[in-house]
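In case you want the letters, here they are:
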Amino acid sequence: AKDSTADVIDAIRKGEGHIAAAGLSITEDRKGFLTFTDSYQEVHQNVVCGKRQKVKSIEDLKKLDILISKGTSQNEVLADLRENQRDIAFVAEDITSESILEKIWEDRDKCTLIDSNISQVHRRYFPELLVVYEIPEKHELAWAVNPISSELTAKVNTWLKGPGKDRLKQLMNK
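Residues numbered from 1 in each chain as written. Predicted model: local features only at pLDDT ≥ 70, side-chain atom pairs only at ≥ 80, totals over all residues. Heavy atoms only, no water.

**Q** Looking at this model, I keep getting lost on the state of the cysteines. Mind explaining?
**A** Two cysteines, two sulfur atoms, one covalent bond between them: this is a disulfide. Counted according to the given criterion, the structure contains one disulfide. Linked covalently through their sulfurs, cysteine 49 and cysteine 111 form a disulfide whose S-S length is 2.1 Å. When the S-S torsion is 110°, as for the bridge of cysteine 49 with cysteine 111, the disulfide is right-handed. Here cysteine 49 is found in strand 3 (residues 41-49), whereas its partner cysteine 111 is found in strand 6 (residues 110-115), with 62 residues between them in sequence. Residue cysteine 49 shares its accessibility class with cysteine 111, and that shared class is buried. (Disulfide = S-S within 2.5 Å. Helix = DSSP H or I, 4+ residues; strand = E, 2+ residues; numbered from the N terminus. Buried < 20%, exposed > 50% of the residue type's maximum accessible area, 1.4 Å probe, protein only.)

**Q** Hey, could you run me through a negative patch on the surface in this one?
**A** There is a patch of like negative charges on the surface, built from Asp29, Asp80, Glu83 and Glu137. With respect to the secondary-structure elements, glutamate 137 resides in strand 7 (residues 130-145). (Patch = residues over 30% accessible without salt bridge, like charges linked within 9 Å, V, L, I, M, F, W, Y side chains within 5 Å. Areas by Shrake-Rupley, 256 points an atom, 1.4 Å probe, with all protein chains shown as cover. Salt bridge = Lys/Arg side-chain N within 4 Å of Asp/Glu carboxyl O. Lys, Arg positive; Asp, Glu negative; His and termini not counted. Charge placed at Lys NZ, Arg CZ, Asp CG, Glu CD.)

**Q** Help me out: how do you make sense of the side chain of threonine 72 in this one?
**A** Within the secondary structure, threonine 72 is located in the loop between strand 4 (65-69) and helix 3 (73-83). From its side chain, threonine 72 meets the backbone oxygen of serine 69 in a polar contact 2.7 Å long. Among residues more than four places away in sequence, those in contact with threonine 72 are Thr5 and Arg30. (Polar contact = N/O pair within 3.5 Å; in protein donor to acceptor, adjacent residues only side chain to side chain. Contact = heavy atoms within 4.5 Å.)

**Q** Is there a simple way to think about the pattern of salt bridges in this case?
**A** If charged atoms from side chains of opposite charge come close, those side chains can pair. If you walk through the whole model with that rule in mind, you get 11 salt bridges. Two residues, lysine 161 and aspartate 38, come together in a salt bridge whose shortest N-O distance is 3.4 Å. With a gap of 123 residues between them, lysine 161 in helix 6 (residues 150-161) and aspartate 38 in the loop between strand 2 (35-36) and strand 3 connect regions that are remote in the sequence. Residue classification places lysine 161 among the exposed positions, given a relative accessible area of 61%. Between lysine 51 and aspartate 109 there is a salt bridge; the shortest N-O distance is 2.7 Å. Residue lysine 51 is found in the loop between strand 3 and strand 4, and its partner aspartate 109 is found in the loop between helix 4 (97-106) and strand 6; the two are separated by 58 residues along the sequence. The structure contains a network of salt bridges with shared partners spanning Asp65, Asp107 and Lys110.

**Q** What exactly am I supposed to notice about helix 6 here?
**A** The periodicity of an α-helix, 3.6 residues per turn, causes residues three or four places apart in sequence to face the same way. Its 12 residues give helix 6 an end-to-end C-alpha distance of 17 Å, which sits within 8% of 16 Å, the value for a rise of 1.5 Å per residue. Along helix 6, the positions that sit buried rather than exposed are Thr153, Val156, Asn157 and Leu160. In a view along the axis of helix 6, the buried residues occupy a sector of 105°, so they form one face of it. When the buried face of helix 6 is taken as reference, the exposed residues oriented beyond 90 degrees from it are Glu151, Lys155 and Thr158. (Expected span 1.5 Å × (residues − 1). Arc of directions from axis to C-beta.)

**Q** How do you make sense of the packing of aromatic side chains when you look at a structure like this?
**A** The way to describe two aromatic rings as a pair is by their centre distance and the angle between their planes. Within the structure shown, the criterion is met by three aromatic pairs. Their ring planes at 65° and their centres at 6.3 Å tell us that tyrosine 40 and tryptophan 143 sit as a pair that is edge-to-face. Pair noted here: tyrosine 40 is in the loop between strand 2 and strand 3 and tryptophan 143 is in strand 7, with a separation of 103 residues, a long-range link. Looking at tyrosine 40, the relative accessible area reads 22%, which means it is partly exposed. For tryptophan 143, a relative accessible area of 13% translates into the label buried. On the basis of an interplanar angle of 25° and a centroid distance of 5.8 Å, the ring pair of tryptophan 143 and tryptophan 159 is categorised as stacked. You can see tryptophan 143 sitting in strand 7 and its partner tryptophan 159 sitting in helix 6, a full 16 residues away along the chain. Using a relative accessible area of 33% as the deciding quantity, one classes tryptophan 159 as partly exposed. Grouped by ring-pair contacts, the aromatic residues Tyr40, Trp143 and Trp159 constitute a single cluster. In this arrangement the basic side chain of arginine 13 is found over the ring face of phenylalanine 33, its NZ or CZ atom lying 3.8 Å from the centre. (Phe/Tyr/Trp six-rings, centres within 6.5 Å; stacked < 30°, edge-to-face > 60°. Lys NZ or Arg CZ within 6 Å of the ring centre and 35° of its normal.)

Set out below in structure tokens:
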């Protein structure tokens with residue numbers, strides 16, 4: 001079993017599996033080395049903090065102590081913001097999103113950037129954590145397929161448009 005997003009992506013790249021049935025954001029960087037199925041959900045990036053923070057725009061992120069999971073789409077989003085002359089600092093650790101949320105729960109001065117669907121699920125476990133800002137840009141989630149498995153990608157896309165569509169909706173609404 002692979003624990004982190006980076007581990008899952010690395011395994012698919014190395015041919016250790018055919019499909020990563022995980023909510024992976026489709027990013028330009030990832031398109032360079034992965035094949036994605038059709039998108040099945042759109043999410044936002046939520047800024048989640050251990051205590052109330054005044055965040056009204058992306059510019060306000062530079063005031064925060066941000067901790068994220070290495071190899072995630074959040075890593076790419078923050079790196080892109082940093083390149084666009086925004087002075088945003090962050091630390092990327094090789095741990096799961098769940099572990100990041102636990103660290104923020106333990107150290108209330110920290111914040112993270114996390115997919116809205118993940119923050120919604122984990123609010124049950126960490127109700128004290130606060131979504132203080134939502135980055136307006138939407139991201140599409142999909143499954144990643146080893147690039148040599150084009151036949152598999154086509155079959156999964158057919159499933160996602162048919163019986164898989166309703167099943168995924170049921171799972172997402174739990």
